[in-house]
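The primary structure of each chain is shown beneath.
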Amino acid sequence: MTNLLEAKGLHAAYGETRVLHGIDFAVRQGGVTALLGANGAGKTTTLRAICGLVRTQGELNLNGTSIGGLATEDIVRLGVAHVPDGRGTFMELTVEENMKLGAYTRPANQAHADFDHMFDYFPRLKERFKQQAGTLSGGEQQMLAIVRALLLRPRLLLLDEPSFGLAPLIVQEIFRILRRIRDDAGVGILLVEQNAALALEFAEDAYLLETGRIVMSGPAADISKDEGVRRSYLGY
Ligand code: ATP
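Not measured: the values here are computed from a predicted model. (Residues numbered from 1 in each chain as written. Predicted model: local features only at pLDDT ≥ 70, side-chain atom pairs only at ≥ 80, totals over all residues. Heavy atoms only, no water.)

A.B. asks: Can you walk me through helix α3 (residues 95-102) in this structure?
C.D. replies: Counting along an α-helix, one turn takes 3.6 residues, and residues three or four places apart therefore face a common direction. Residues of α3 that are buried: V95, E96, N98, M99 and G102. All buried residues of α3 project into a common sector of 160 degrees when viewed along the axis, lining one side. In this structure, the buried side of α3 is in contact with α4 (108-121), α5 (123-127) and α6 (138-150). (Buried < 20%, exposed > 50% of the residue type's maximum accessible area, 1.4 Å probe, protein only. Helix = DSSP H or I, 4+ residues; strand = E, 2+ residues; numbered from the N terminus. Arc of directions from axis to C-beta. Contact = heavy atoms within 4.5 Å.)

A.B. asks: Before we go on, may I ask you to explain the pattern of salt bridges in this structure?
C.D. replies: A side chain with one charge can pair with a side chain of the opposite charge if their charged atoms come near. As enumerated under the stated definition, the model contains 13 salt bridges in all. The closest approach of N and O atoms between E6 and K8, which form a salt bridge, is 3.6 Å. Exposure remark for K8: the relative accessible area of 43% places this residue in the partly exposed category. A salt bridge links E96 to K130; its shortest N-O distance comes to 2.7 Å. (Salt bridge = Lys/Arg side-chain N within 4 Å of Asp/Glu carboxyl O.)

A.B. asks: Explain the packing of aromatic side chains here, please?
C.D. replies: All told, the structure shown has four aromatic pairs when counted by the stated rule. Taken together, a centroid distance of 5.4 Å and an interplanar angle of 90 degrees make the contact between F119 and F129 edge-to-face. Of this pair, F119 sits in helix α4 while F129 sits in the loop between α5 and α6; the two residues are 10 residues apart in sequence, bridging distant segments of the chain. A network of ring pairs unites the aromatic residues F115, F119 and F129 as a single cluster. (Phe/Tyr/Trp six-rings, centres within 6.5 Å; stacked < 30°, edge-to-face > 60°.)

A.B. asks: Could you clarify how one ought to interpret the pairing of strand β3 (residues 32-36) in this entry?
C.D. replies: A regular strand places its side chains so that they alternate between the two faces of the sheet. Buried residues dominate β3, accounting for five of its five residues. The side-chain alternation of β3 yields two buried faces, one formed by V32, A34 and L36 and the other by T33 and L35. Across four bridges, the pairing between β3 and strand β9 (residues 205-210) is parallel. Residue pairing in the sheet places L36 in a bridge with L208 of β9. (Pairing = 2+ DSSP bridges.)

A.B. asks: Could you clarify how one ought to interpret the environment of E92 in this entry?
C.D. replies: Relative to the assigned elements, E92 resides in the loop between β6 (80-83) and α3. Measuring from C-alpha to C-alpha, the distance between E92 and P168 comes to 27 Å, with 76 residues separating the pair along the chain.

A.B. asks: It is not clear to me how the side chain of N98 should be interpreted in this structure. Could you clarify?
C.D. replies: By the element assignment, N98 lies in helix α3. One polar contact links the side chain of N98 to the main-chain carbonyl oxygen of F90, over a distance of 3.0 Å. Apart from the residues lying within four places of it in its own chain, the contact partners of N98 are T89, F90, L93, A133, L144 and R148. (Polar contact = N/O pair within 3.5 Å; in protein donor to acceptor, adjacent residues only side chain to side chain.)

Here it is, written out as structure tokens:
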């Protein structure tokens, strides 16, 4: 089976600042790939590169279609949804309004069925439907950001540090739901996480990024056994 996403020799730069130096990675159809690395390694930039939010060179293919150099709106239309770090939620809008924005590409009657589907995953958001997003807890805001991305009906979901700043119990809840979403919807996930233990447990494949270069890749189960990874990223 072909990969859902394939990057080959991917470079990215902010003006003169080169951040990614020719990296190769893939996300399988319906699979979860984790991208690990220390602060400043280039994980967020990799997600931004896939979305066309930063200047890139090299190959980027989604289901065999080249998306390198396309405008972000076209990449979204081809099925890529991004949950950025900081979540990208419109704080002054209600949960309902944020969800309507997520569903803007869908006819209104279908969007309502999609909303019900999302409430099945995230019942807390149904309770908060009319509430302003800025008044939600951090965990609920993260849930709303994931829902907004899913309402685009993506084939590939890019998640940037979904555990950031959240209490362990909420993180567990979010990852339990993400597993269900992956299993039900068959959506491929590229997960950026500083919490390597969590990411390696969730993903089938993993890549380790250091200052813009992939230094290790393979099945997540193998990477989690690596002595160096355990010492540097897993803390045991
Ligand atoms: P973190 O976990 O801290 O977010 P990261 O692995 O996601 O780290 P990036 O945010 O991709 O790393 O940053 C990689 C490098 O790119 C860093 O050296 C950073 O300073 C630089 N960088 C990020 N954003 C910009 C920008 N808008 N302009 C210039 N340099 C940037």
